[in-house]
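# Coordinates in review
Chain by chain, the residues:
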Amino acid sequence: MSDKVVAVAGATGLVGSQILRTLEERNFPVKNIKMLASERSKGKTMTFKGEEIPCEVLGEDSFKGVDIALFSCGGGTSKKFAPHAAKDGCVVVDNSSAWRMDPKVPLIVPEVNPHDVEWNEGIIANPNCSTIQMVVVLQPLHKAAKVKRVVVSTYQAVSGAGVSALEEMEQHTRAMLDGGEPVCNNFPYPIAFNCIPQIPGSDAFEDGNGYTSEEMKMVNETKKIMGDDSVLVTATTVRVPVHTGHSESVNVETEEKLTADQAREILAAAPGVIVKDDPAKQLYPMALDCHGKGDTFVGRIREDVSHPSALDMWIVSDNLLKGAAYNAVQIAELL
Ligand code: L14
């Protein structure tokens, strides 16, 4: 692979900075890197391999001569600028939800559907964080025993909502310990010492069917990534006062029965998956342990006592890495 001219759009954000770290750690063949950000970040610099690089303001002409652009700058910005980048011959890997369900745009998790990179027309979508870590585990089970239906509840970390949400969790925590007033901007209710069954904020219930948009992303994106509309998903997505690392309780019904041992064996051999499952030793994955790791961790694997061919499990991954930056860099590697 020859060295690439890379642009990171949204370089100063939480995911943007993780993209830079991941490109460094995985030694991505970078010839030259451009830091693109909004007007607000003008004058800021970002470090790449020890070099201070000034941010440029993202514009229609930012992508001339760029081979690969990693976007993490929100759906609106992506809708506006990704087509300009594609027109200039650049391939965009986009983290927002703007393009994911567009039939002309591949939606990729490299462990599941790397081949879909071939039909890209200049824009590739990075799936939703909660969906990515779930399908990495579902796909090998689907191959072995055909997944019919999935019931998932998520326990999602605050860092998914960005820096200001993390600051808000800190303010709420201090206020509630010290007898002050939690001030809600990112969240409809205090997030400290609480669980909020709504992700994201004010536009969560936009579909009008009682599901949040995050839940419908899990329903729809799973089918597209796995390339199988017969995989049925229902989801409840919950924000919990965790800094980083999404956890998921997942019930998987399969056409053929899998024992817990068979599932552990299949998942131990699956790419990107680490089985951490020894109840006798109180070993199971947790958000705190997955921090900074690109893999998806699975444990608490057991046969559902209420069903003849279903499994329960607990899936955890770093939402900023496999859920965002790491998956995006893996897609760039496929290119
Ligand atoms: O679909 O935790 O990429 O607020 C990323 C942020 C989903 C919600 C996406 C969060 C969003 C997520």
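Anyway, here's the lowdown on the structure attached to this text. (Residues numbered from 1 in each chain as written. Predicted model: local features only at pLDDT ≥ 70, side-chain atom pairs only at ≥ 80, totals over all residues. Heavy atoms only, no water.)

### Some points on the packing of helix 3 (residues 129-145) against helix 5 (residues 213-226)
A packed helix pair is summarised by two numbers, namely the angle formed by the two axes and the spacing between the axes. Look at helix 3 against helix 5: their axes get within 10 Å of each other, and the N-to-C directions meet at 40 degrees. Here helix 3 lies oblique to helix 5, going by the angle between them. At the point where helix 3 passes helix 5, the crossing takes the right-handed sense. Of the residues in helix 5, those in contact with Cys-129, Ser-130, Thr-131, Met-134, Val-135, Leu-138, Gln-139 and His-142 of helix 3 are Glu-214, Lys-217, Met-218, Glu-221, Thr-222, Ile-225 and Met-226. Here the residues of the contact of helix 3 with helix 5 are counted per class, giving 7 nonpolar, 5 polar and 3 charged. (Axes fitted to C-alpha atoms, helices over the stretch in contact; angles between N-to-C directions. Helix = DSSP H or I, 4+ residues; strand = E, 2+ residues; numbered from the N terminus. Parallel < 35°, antiparallel > 145°, perpendicular 65-115°, else oblique. Left-handed = near helix turned anticlockwise from the far one by under 90°. Contact = heavy atoms within 4.5 Å. Nonpolar A, V, L, I, M, F, W, Y, C, P; charged D, E, K, R; others polar.)

### A word on the environment of Leu-288
Within the secondary structure layout, Leu-288 lies in helix 7 (residues 287-290). Separated by 251 residues in sequence, Leu-288 and Ala-37 place their C-alpha atoms 30 Å apart.

### Digging into the packing of aromatic side chains
Applying the stated criterion to the full structure yields 2 aromatic pairs. Centre to centre, the rings of Phe-63 and Phe-71 are 5.6 Å apart; their planes meet at 20 degrees, and the pair counts as stacked. For Phe-63, a relative accessible area of 0% puts it in the buried group. A residue is classified by how much of its surface remains accessible, and Phe-71, at 0% relative accessible area, is buried. For the pair Tyr-155 and Trp-314, a centre-to-centre distance of 5.0 Å together with 70 degrees between the ring planes defines the contact as edge-to-face. Of this pair, Tyr-155 sits in strand 8 (residues 147-156) while Trp-314 sits in strand 13 (residues 310-317), and the two are 159 residues apart along the sequence. For Tyr-155, a relative accessible area of 34% corresponds to the partly exposed category. (Phe/Tyr/Trp six-rings, centres within 6.5 Å; stacked < 30°, edge-to-face > 60°. Buried < 20%, exposed > 50% of the residue type's maximum accessible area, 1.4 Å probe, protein only.)

Geometric values such as these leave the question of function open.
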